[in-house]
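Take a look at the letters that make up each chain.
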Amino acid sequence: MTLLQLYFEFFKTGLFAVGGGLATLPFLQDISVRTGWFTQAQLSDMIAVSESTPGPMGVNMATYVGFTTAGLPGSICATLGLITPSIIIILLIALSLKAFRDNKYVDSAFYGLRPASTGLIAASGLSVLLMALWNSESTTLLDGIQWKGVILFAVLLVLTRWCKPTKKLHPIFFILGSAVIGIVFGF
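Rules used throughout
Counting of residues starts from 1 at the beginning of each chain's written sequence and follows it residue by residue. Predicted model: local features are reported for residues with pLDDT of at least 70 only, side-chain atom pairs are reported and counted for 80 or more only, and whole-chain, interface and lining totals are derived from all residues. Only hydrogens and water are set aside when side-chain values are computed; all heavy atoms of the structure are taken into account. Only DSSP runs of H or I reaching four residues or more are called helices, and only runs of E reaching two or more are called strands; each is numbered from the N terminus. Contacts are assigned to residue pairs that have any heavy atoms within 4.5 Å of one another. Surface exposure here means Shrake-Rupley accessible area, sampled with a 1.4 Å probe, where a residue is shielded only by the protein chains that are shown. Residues scored as charged are limited to Lys and Arg (positive) and Asp and Glu (negative), so that His and the chain ends carry no count. Note that the charge is assigned to NZ on lysines, CZ on arginines, CG on aspartates and CD on glutamates. A cavity here means a set of points on a 1 Å grid, drawn over the protein atoms and nothing else, where a 1.4 Å probe fits but cannot get out; a pocket is an open set with protein on both sides within 12 Å along at least five of seven lines, and a residue lines either one if it has an atom within 4 Å of a point. Grid points are joined across faces, edges and corners, and a volume is the space filled by probe spheres set on the points. In a helix, the anticipated span is given by 1.5 Å times the number of residues less one. Take the buried Ala, Val, Leu, Ile, Met, Phe, Trp, Tyr and Cys residues and link them wherever side-chain atoms come within 4.5 Å; each set so joined is a nonpolar core. Only protein chains enter the accessibility calculation, which uses a 1.4 Å probe. A residue is then buried if its area is under 20% of the maximum for its type, exposed if over 50%, and partly exposed in between.

Undergrad: I keep staring at the overall build of the protein chain and nothing clicks. Help me out?
TA: From N to C terminus, the protein chain includes 9 helices and 0 strands. Of the regular secondary structure in the protein chain, the N- to C-terminal order runs α-α-α-α-α-α-α-α-α. Projected onto the principal axes, the alpha-carbon positions of the protein chain cover approximately 55 × 45 × 30 Å. Here the analysis covers contacts within the protein chain between residues at least 6 apart in sequence; of these, 51% occur between residues at least 24 apart. Accessible surface, the protein chain as shown: approximately 12300 Å² in total, 72% of it carbon and sulfur. Across the protein chain, the mean location of the 11 positive side-chain charges is 14 Å away from that of the 8 negative side-chain charges.

Below you can see the structure in the form of structure tokens.
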């Protein structure tokens, strides 16, 4: 039954998370709350692992959740659930592409999806930022700030935006450097 539930939950996510991997985060937060398969802290780890590994972030996260929930069969079911809607939609579009290629309603529908996708990604980015920089279990403002994360964020912002020698470095160097700092300082 868990395998079927994994497939169904990620099928819904794949059906409505338009805009890529970060757009799946609100759905994953909802899955976490409703099913208890993973915590918000584990979701932060999933984001880090999914961003650091090759492949689409949404697929990596589905595989991760499925594996931690039900092992290899769970990872297969969750991944298939996530990609099934895309496969169906792509097949339907391919079958009817010529008929709807210049249709103004189809063009308008895709144009209308842009703000929804932007909103999902912006909400996800804010959510990730808050998870990384704020301890939601604290009761006061100053106790809630995760100072190590804030300092790392500020250093990375300066290095990637305003420091000429490091501004043009490949992002992998910053990812690896952040991983080392996280390990050394116990993030």
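Here the narrative resumes, following the displayed structure.
Undergrad: What is the right way to look at the layout of surface pockets in this model?
TA: Sizing a probe to match a water molecule and rolling it over the atoms shows the empty space that remains. One number sums up the size of the largest pocket: a volume of about 1900 Å³. Around the largest pocket, the lining comprises 41 residues; the ones closest to its centre are Ser44, Ala48, Val128, Ala132 and Leu152. In this model, the second largest pocket occupies a volume close to 490 Å³. Taken together, 20 residues line the second largest pocket, and the ones lying closest to its centre are Gly14, Ala17, Val18, Ser86 and Ile89.

Undergrad: Where do I start with helix H5 (residues 104-133) in this structure?
TA: Working note: α-helix, 3.6 residues per turn, so residues spaced by three or four point in the same direction. With 30 residues, H5 should cover 44 Å at 1.5 Å per step; its first-to-last C-alpha distance of 44 Å lies within 8% of that length. Contacts from the buried residues of H5 go to helix H2 (25-35), helix H3 (40-52), helix H6 (141-144) and helix H7 (147-161).

Undergrad: So what exactly am I meant to see when it comes to the nonpolar core here?
TA: As a rule of thumb, nonpolar side chains are buried together in soluble globular proteins. Phe10, Leu28, Phe38, Leu43, Ile47, Met61 and Val65 are the most contacted members of the largest nonpolar core, which totals 17 residues. When residues in this core are grouped by element, the largest group, 6 residues, is from helix H4 (residues 57-100). Residues contacting Leu43, with those up to four places away along its chain left out, are Leu25, Leu28, Gln29, Phe38, Met61 and Met131.

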